[in-house]
Amino acid sequence: MTVLVTGGAGYIGSHTCVELLNDGHEIVVIDNFSNSHPESLKRVKEITGKTFHTYPIDLLDKEGLERIFLEYEITSVVHFAGLKAVGESVSEPLWYYRNNVIGTIILCEVMKRNNVKNLVFSSSATVYGEPDAVPIPEGSLLKTTNPYGRTKHMIEEILRDLHVADPDWSIALLRYFNPIGAHESGKIGEAPQGTPNNLLPYISQVAVGQLDELKVFGNDYETQDGTGVRDYIHVVDLSIGHVKALVKVKNEKGVHTYNLGTGRGYSVLEMVKAFEKASGQQISYTILGRRPGDIPVCFADTRKAFEELGWRAERGINEMCADAWRWQWRNPEGYPSIETDKQTSLEKESTKFFVPPKQEKVLNE
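Nothing here was measured: the structure is a model prediction, and the numbers come from that model.

K.L.:
Just checking my understanding: could you explain the pairing of strand β4 (residues 74–79) for this structure?
P.N.:
Within a regular strand, the side chains alternate between the two sheet faces. Counted residue by residue, β4 has 5 buried out of 6 residues, so it is predominantly covered. In this sheet, strand β5 (residues 118–124) lies alongside β4 in parallel orientation, the contact comprising 3 bridges. Bridge pairing in β5 links Val 77 to Leu 119.

K.L.:
When you look at the side chain of Glu 66 in this model, what are you seeing that I'm missing?
P.N.:
Within the fold, Glu 66 resides in helix α3 (residues 62–71). According to the relative accessible area criterion, Glu 66 is buried, its value standing at 17%. At a separation of 2.5 Å, a polar atom in the side chain of Glu 66 contacts the side chain of Arg 113. Setting aside its immediate chain neighbours within four residues, Glu 66 contacts Val 110, Arg 113 and Asn 114.

K.L.:
How should the side chain of Asn 259 be read in this particular structure?
P.N.:
Turning to its location among the elements, Asn 259 is positioned in strand β11 (residues 254–260). Looking at Asn 259, its side chain comes within polar contact range of the main-chain oxygen of Ile 136, at 2.7 Å. Every residue in contact with Asn 259, bar those within four places of it in the chain, is listed here: Tyr 128, Ile 136, Pro 137, Glu 138, Arg 175, Phe 177, Ala 300, Asp 301, Ala 305 and Trp 311.

K.L.:
Honestly, helix α8 (residues 235–251) in this entry has me stumped. Any pointers?
P.N.:
Residue pairs three or four apart in sequence face the same way in an α-helix, which turns once every 3.6 residues. End to end, α8 covers 25 Å across 17 residues, agreeing with the expected 24 Å (1.5 Å per residue, within 8%). Summarising burial for α8: 12 of the 17 residues are buried, a large majority. Listed in full, the buried residues belonging to α8 are Val 235, Val 236, Asp 237, Leu 238, Ser 239, Gly 241, His 242, Val 243, Ala 245, Leu 246, Lys 248 and Val 249.

K.L.:
Would you take a moment to explain the packing of helix α1 (residues 11–22) against α8 for this structure?
P.N.:
Packed helices, taken two at a time, are described by the angle their axes make and the gap between the axes. Relative orientation of the contacting elements α1 and α8 amounts to 60°, with a least axis distance of 8 Å. With respect to each other, α1 and α8 are oriented oblique. The handedness of the crossing between α1 and α8 is right-handed. Touching Tyr 11, Ile 12, His 15, Thr 16, Glu 19 and Leu 20 of α1 are Val 235, Val 236, Leu 238, Ser 239, Ile 240, His 242, Val 243 and Leu 246, all from α8.

K.L.:
What is the right way to look at the nonpolar core in this model?
P.N.:
Grouped burial of nonpolar side chains is what soluble globular proteins tend to show. In this structure, Val 5, Ile 27, Val 44, Val 120 and Leu 174 are the most contacted members of the largest nonpolar core, which totals 38 residues. Of all the secondary structure elements, the ones that give two or more residues to this core are β1 (2–6), α1, β2 (26–30), α2 (38–48), β6 (170–176), α8, β11 and α10 (303–309). No other element matches the 7 residues that α8 contributes to this core. Every residue in contact with Val 44, bar those within four places of it in the chain, is listed here: Ser 14, Cys 17, Val 18, Leu 21, Phe 52 and Ile 188.

K.L.:
Hey, could you run me through a nonpolar patch on the surface in this one?
P.N.:
On the surface, Ile 105, Met 154 and Ile 158 cluster together into a nonpolar patch covering about 210 Å² of accessible area. Residue placement: Ile 158 occurs in helix α6 (residues 147–165). A residue is classified by how much of its surface remains accessible, and Ile 158, at 31% relative accessible area, is partly exposed.

K.L.:
Can you walk me through the environment of Arg 43 in this structure?
P.N.:
Along the chain, the position of Arg 43 falls in helix α2. Sequence separation between Arg 43 and Lys 187 is 144 residues; the distance between their C-alpha atoms is 6.3 Å. Discounting chain neighbours no more than four positions away, the residues touching Arg 43 are Lys 187, Ile 188, Trp 327, Asn 331, Tyr 335 and Pro 336. A distance of 2.9 Å separates polar atoms of two side chains, one belonging to Arg 43 and the other to Glu 39. Polar side-chain contacts of Arg 43 include one of 2.8 Å to the side chain of Asn 331.

Rules behind the numbers
Residues numbered from 1 in each chain as written. Predicted model: local features only at pLDDT ≥ 70, side-chain atom pairs only at ≥ 80, totals over all residues. Heavy atoms only, no water. Buried < 20%, exposed > 50% of the residue type's maximum accessible area, 1.4 Å probe, protein only. Helix = DSSP H or I, 4+ residues; strand = E, 2+ residues; numbered from the N terminus. Pairing = 2+ DSSP bridges. Polar contact = N/O pair within 3.5 Å; in protein donor to acceptor, adjacent residues only side chain to side chain. Contact = heavy atoms within 4.5 Å. Expected span 1.5 Å × (residues − 1). Axes fitted to C-alpha atoms, helices over the stretch in contact; angles between N-to-C directions. Parallel < 35°, antiparallel > 145°, perpendicular 65-115°, else oblique. Left-handed = near helix turned anticlockwise from the far one by under 90°. Core = buried A, V, L, I, M, F, W, Y, C linked by side-chain atoms within 4.5 Å. Patch = residues over 30% accessible without salt bridge, like charges linked within 9 Å, V, L, I, M, F, W, Y side chains within 5 Å. Areas by Shrake-Rupley, 256 points an atom, 1.4 Å probe, with all protein chains shown as cover. Salt bridge = Lys/Arg side-chain N within 4 Å of Asp/Glu carboxyl O.

Below is the structure:
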């Protein structure tokens, strides 16, 4: 009995792999490493003391996916793989629709063909757009304001239609708020390529000297200090939520939607102050205009996840910032160079997996 984790080398995916393994699950990971690194999965093995196979497969590669399902007794899928930057989605919408939506359709087609119908999907609070009121319950009107959020909304609707057509499907739609922090070991964390799109890795790179200053997009929102307010959740709490959701889909058919957040919001400048306290570093920042697609305030109503999954966020803002700083301080440049180290890993650590006519490589870091 194996759980397939798509995008398992990414920030949330790698932390969820840790929690799945610690909970006794066997996993297999696929990732195209377009915005992740094989080193993260090597470190997952170090943290857990457990092994698993990883394959460099893209969701758009239907044949590659089929071979995974033929090789392993997959019973459930936790689906993270996808592009995720709001600003980038505004400038490159077709890329986002092709990768996120079509990739998920292909995954579901392969799952259906192999009679695997348990799915935990990585959705997003961006599906709510600018909410009418906060905290935001799961039943709120969905009116996303950017292409990234629309890909998540479209996929949610596709999955609902899938269940209507075949009630044997059991699906959890997990709407994340803002994941931050890192594993307490400092071995894995958020390692964006280039300039970070999200607040905390940007702040932490300023703190460690990789960037000169934080760019704050907008200080004229109707909030306590004019900057945007978000619900920040520790990535380990978020990962535990996936394990809880996996239990739910195994035991109860249907489409289950849950907010995963803390239920309170912090402004950008509040986060700056909290990180300064955790790191002992001063964070320089400059105020710019609002960023396209951003909204003023967003935080979750998390009661449903507690009532149905027995889950709630346990880690507070100080722990989130302390863990994020520990990761960044120990890994100031993130994981090793993507271009050089990834190629070395693929050449030195891989073994051939499938027989001709097409072969894939499995990474056994």
